[in-house]
Structures are given as structure tokens and as C-alpha cells.
Amino acid sequence: MYQKQTKIVATISDRNCGVEFLRSLYFAGMNVVRINTAHQTPDASSMIVRNVREISDKIAILVDTKGPEIRTTSVDPPEGIDVKVGEILKVSGHANGISSKEHLYVNYDHFVEDLAIGNNILIDDGDISLKVTGKQPDYLECEVCDSGKIKAHKSVNVPNVPIRLPSLSAKDLEFIDWAVAEGIDFIAHSFVRNKEDVLAIQKILDARGSSIKIIAKIENQEGVDHSEEILEHAYGMMVARGDLGVEIAAEKIPVIQRELIAQCHSRQKPVIIATQMLHTMIEHPRPTRAEVSDVANAIYQRTDAIMLSGETASGNYALEAVQTMTRIACEIEQHLHPQMSLQLHNPSDLVSATLARSVVEASTFLPIQAIVFDTLNGRSGRYLSAFRPKVPVFAKCYKKSVMRELALSYGIRSYFMEPHHSKDDFVRVAVQSLLDEKCFETDDLIAVIGGSFGPTMGASFMEISLAKNIASVNYSGDWT
């Protein structure tokens with residue numbers, strides 16, 4: 001039976017994280033669990049981690065930081081402030097200010113000095129917009145452009161205005177320390193604007209000796225503009241279309257999504273497409289046709305992963321949402337073909353990259369049923385994934401952390417394997433173990449990529465033969 005290649009990231013809340021619930025999502029196709037720190041404490045998040053690890057050590061865990069964001073402060077009255085088109089509001093930055101009908105406060109102290117006359121202020125994902133019409137030393141004069149209710153602690157976006165907020169909040173720092181202690185696999189950092197935002201987290205991880213990988217969330221124009229430098233320092237990218245769609249005209253988002261996927265793809269960096277992919281399924285058992293097309297389009301564009309947010313965190317049809325994504329992926333992937341025209345951007349190991357391209361190309365001419373490789377750091381897996389082979393790819397990883405990192409890479413199915421003493425030992429044991437798990441048959445033609453000089457030296461050979469021949473290979477000497 002065909003198994004999907006596109007990975008699924010599912011957001012899990014501490015309010016619904018039972019072992020049986022998580023197990024059902026895992027068997028339905030979930031590869032990565034996302035924890036949204038904006039709505040949880042470290043203690044509550046630890047419960048999710050424990051339950052995930054009870055199910056499988058192959059499920060990766062991704063922690064999502066809040067990042068540098070601006071929000072409205074507390075309001076009086078508590079139910080919100082009613083505003084109408086044409087009204088004038090005073091707006092200031094004061095984290096402890098209490099907003100009222102006369103004066104709106106946000107939690108960023110330099111808000112007034114950073115903005116200028118003519119700037120737009122978008123509140124609560126753009127539901128209410130204000131236009132700056134005047135500027136005084138202590139406040140902005142803003143005209144209300146949309147009637148509605150301004151509530152407490154809602155998002156505030158200022159399109160095309162660089163904001164000097166620190167990259168990491170106190171809560172982010174707390175969760176980074178927690179993530180290191182828990183051995184989390186990924187940190188997805190929100191509102192990444194430039195490489196410095198990535199390096200700020202990397203510095204902390206390096207000081208703690210942590211191998212956690214950073215996923216840069218692109219949510220504003222500044223992040224889009226600096227995407228190439230960001231990718232030089234991040235492990236991967238998440239295209240977070242919610243805030244991105246608030247800051248940038250909606251009709252531009254599909255183009256940006258396609259361009260960011262292409263950038264990640266050529267750099268062998270995993271990319272996640274996120275936000276409202278099956279939003280209807282929070283309350284309804286079936287998605288709209290537009291949502292199905294949205295998921296399909298991301299897969300056609302060669303994303304590595306697609307993400308569910310409220311659908312699995314708080315929705316009534318979480319299992320059905322994962323099952324729906326899996327069915328869409330399985331259908332669309334069968335109409336895709338390997339990308340042999342892809343030009344890899346500055347691969348760090350040309351030999352491994354060339355072998356990856358060669359074995360994927362061979363699978364288009366020969367009846368190869370599977371590709372098997374070993375890896376110490378996941379690099380060969382990312383090269384293979386980039387060319388999008390149509391056949392299953394099985395990774396034998398010498399570190400469990402690398403096994404979970406590859407949970408974000410398209411088409412890679414990872415297993416932990418203890419290091420062996422020789423090339424032939426690796427080949428024989430790896431292929432036999434996959435035969436035992438019925439991943440392929442003894443008479444299937446398979447391809448193996450590995451290193452003749454030990455796992456630290458990278459890939460150096462490719463073998464193509466029947467599985468039964470490779471599984472019975474003779475011992476020929478130690479790597480050492």
C-alpha cells in the first residue's frame with residue numbers, strides 16, 4: 001500500500017494530549033508534534049512530551065516560540081472597546097497602560113517613535129485597521145478605518161515598518177532552557193526578521209551544547225526580504241501564512257509561498273507550510289474544496305511538510321483532519337515526478353550530493369523499489385529528499401536525534417541503528433532488518449548508498465541489486 005511522502009506537523013495542546021489520542025494521530029500520518037508556547041507553560045508542555053515519547057521515539061517534537069510581537073494591553077471595559085469608522089484614537093506604547101475609548105495602548109514602548117504619518121496599524125489579524133494621521137511626542141493620532149471591537153492582548157501588525165523589538169522575550173528564553181533540558185528536536189522561532197534573530201537562539205543553544213535545530217518562521221515582509229540570509233543559518237523554514245497575510249497583500253502570498261519553498265528546496269532545507277490549511281475541520285467533519293486545493297497546491301510546489309494548528313489543538317475532528325491530509329498527500333504525490341533538473345545550492349558534500357542525484361535518477365530508469373542509506377548527521381537524507389524520489393527512502397541513523405530531525409524531510413523514513421564495523425556489516429544488517437519489517441521483498445531491486453570509510457567520512461558508494469543479494473553480502477574487513 002502506498003505511504004505518503006509529505007510530512008504532517010500537528011499542533012497539540014495540553015488540554016487534549018492523551019496517549020491514545022496521540023497514538024491515533026501517529027498512525028493516521030502525524031510525523032511531528034508542535035507545541036505552541038504562546039498558550040502553555042513549560043510544566044504543561046512536559047506532559048505532552050512524556051506522552052509523545054510513550055508512543056514512539058520516531059515522532060519529532062517542535063516548540064514554537066512567541067518571538068518579537070506587539071499586542072494590545074488590558075482594556076476597560078474588559079469586553080472590549082467599540083470603535084467606528086472615522087473616529088480618532090490616541091495610540092501609545094506602554095506595556096502597563098489600560099486601554100480605553102480615548103487612548104489605546106500596546107505593549108511596545110517605542111511604538112510612537114517607530115511609526116510615521118501614513119502608516120497603517122492592523123489589530124487582531126487585521127480585523128480592525130487604523131491609519132496614522134498625526135504624531136505627537138507621546139502618542140499617535142489614528143483614524144479608525146474599520147468598525148469593530150478592540151479587545152485585550154490582540155495582535156498588532158504594522159506593515160512595512162521595521163520594529164526594534166528584541167528577538168527573544170523572557171518567556172522565549174524560559175522555553176528555550178526547557179527545550180534543552182527536555183531534549184526537544186526543533187525550535188520554531190516566530191517573526192524571524194533577519195539572520196541575527198536566528199543567531200540569537202543559536203548562541204544560547206551552542207552555549208548549552210544542544211543539538212536542537214532552528215526553524216525560522218517567516219511572518220512579515222522583513223523576513224521575506226532576508227529569507228536567503230536566514231536560510232544560511234536556520235535548519236529549515238516555516239511559511240506562517242497567518243501573520244504574513246496580515247502584513248502583505250493576500251494576492252501576493254501564493255507567490256511568496258512558492259518562492260520560499262523553492263529557496264528551501266534548492267538549499268536542502270525542510271520547509272513547512274502552515275496556517276488554516278483545513279481550518280473548517282475545527283468544527284466540521286469535512287474540509288472545503290478550497291482547503292483541499294490549498295493542501296494539494298503546497299504539495300505540488302514540493303513542500304516538505306504541511307501543518308495543522310487549531311484543527312488538532314482544539315478542533316472537534318482532529319483525527320479526521322490528519323486522515324484527510326494523509327489522503328490528499330497520497331493522491332497528489334502519485335502525480336509528482338523526481339526533480340532531476342534541481343540545482344542544489346552550495347552542497348557541503350559534493351560526493352554525497354552527486355550520489356544522491358545518481359541513485360534517484362537510476363530509480364527513474366530501473367525498477368528500483370527502495371533506497372537505503374546510513375547517516376550520522378542527516379545530510380545524505382536531505383540530499384536524497386531534495387530530488388524527491390518516487391520510491392521509498394529508508395534512513396538508518398546512528399543518532400536518535402537525527403532520526404527525528406529527518407521526520408521533517410519529504411519522503412524519508414528513519415530508523416535508529418547502532419554503528420557497525422564495516423561497510424558490508426552495515427549493508428547486510430540494514431537491508432535484512434528492513435526485510436524483516438517487510439519494507440520490501442527479497443526479490444525487489446533496491447539501491448544502497450553508504451560510506452566505505454566509516455559513517456564520519458560521508459557517502460562514497462552506491463550499490464544496486466536484489467535485496468536478497470545485498471542482505472547476504474560477505475564480510476570484507478573493518479572500516480578501522
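As a reminder, the structure under discussion sits directly above these lines.
Residues numbered from 1 in each chain as written. Predicted model: local features only at pLDDT ≥ 70, side-chain atom pairs only at ≥ 80, totals over all residues. Heavy atoms only, no water.

A. Highlighting the pattern of salt bridges. Within the structure shown, the criterion is met by 23 salt bridges. In this structure, Glu-69 and Lys-66 form a salt bridge, with 3.5 Å as the shortest nitrogen-oxygen distance. For Glu-69, a relative accessible area of 17% gives the class buried. For Asp-114, the salt bridge is made with Arg-164, and the minimal N-O distance between the two is 2.9 Å. With Asp-114 in helix α3 (residues 111–114) and Arg-164 in the loop between β12 (155–157) and α4 (170–182), the pair connects residues that are 50 residues apart, well separated along the chain. Look at the salt bridges and you will find they share partners, linking Arg-34, Asp-64, Lys-217 and Glu-219 into a network. (Salt bridge = Lys/Arg side-chain N within 4 Å of Asp/Glu carboxyl O. Buried < 20%, exposed > 50% of the residue type's maximum accessible area, 1.4 Å probe, protein only. Helix = DSSP H or I, 4+ residues; strand = E, 2+ residues; numbered from the N terminus.)

B. The arrangement of the sheet that holds strand β20 (residues 412–416) in detail. Taking strand neighbours across the sheet as the criterion, the five strands line up as β20-β19-β18-β21-β22 in an open arrangement whose pairing is mixed. Edge positions in the sheet fall to β20 and β22 (461–466), since each of these pairs with one other strand and no more. Shown here is a sheet whose adjacent strand axes are inclined to one another by a mean of 20 degrees, direction ignored. With six bridges joining them, strand β21 (residues 445–450) and β22 adopt antiparallel strand pairing. (Pairing = 2+ DSSP bridges. Axes fitted to C-alpha atoms, helices over the stretch in contact; angles between N-to-C directions.)

C. Spatial organisation of a nonpolar patch on the surface. Side chains of Phe-365, Leu-366, Met-462 and Ile-464 sit close together on the surface and give an oily, nonpolar patch of about 370 Å² of accessible area. Residue placement: Met-462 occurs in strand β22. (Patch = residues over 30% accessible without salt bridge, like charges linked within 9 Å, V, L, I, M, F, W, Y side chains within 5 Å. Areas by Shrake-Rupley, 256 points an atom, 1.4 Å probe, with all protein chains shown as cover.)

D. Expanded view of the packing of helix α2 (residues 42–55) against α4. Direction vectors running N to C along α2 and α4 enclose 25 degrees, while the axes themselves pass 11 Å from each other. When the axes of α2 and α4 are compared, the pair comes out roughly parallel. Our pair here, α2 against α4, has a crossing hand that is right-handed. Of the residues in α4, those in contact with Pro-42, Ser-45, Ser-46, Val-49 and Arg-53 of α2 are Glu-174, Phe-175, Trp-178 and Glu-182. Each residue belonging to the contact of α2 with α4 can be placed in one class, and the counts come to four nonpolar, two polar and three charged. (Parallel < 35°, antiparallel > 145°, perpendicular 65-115°, else oblique. Left-handed = near helix turned anticlockwise from the far one by under 90°. Contact = heavy atoms within 4.5 Å. Nonpolar A, V, L, I, M, F, W, Y, C, P; charged D, E, K, R; others polar.)

E. Here's a closer look at helix α1 (residues 19–28). Of the positions making up α1, those classed as buried are Val-19, Phe-21, Leu-22, Leu-25 and Ala-28. The first or second residue beyond α1 is Gly-29, which carries a positive phi of 135 degrees.

F. Quick look at the side chain of Arg-388. Structurally, Arg-388 is set in the loop between α14 (379–386) and β19 (393–397). Looking at Arg-388, the relative accessible area reads 3%, which means it is buried. Separated by 2.6 Å, the side chain of Arg-388 and the backbone oxygen of Arg-302 make a polar contact. Non-local contacts of Arg-388, meaning those with residues more than four positions away in its chain, are made with His-265, Arg-302, Thr-303, Asp-304, His-337, Pro-338, Gln-339 and Tyr-410. (Polar contact = N/O pair within 3.5 Å; in protein donor to acceptor, adjacent residues only side chain to side chain.)

Function cannot be read off these values alone, since they describe shape.
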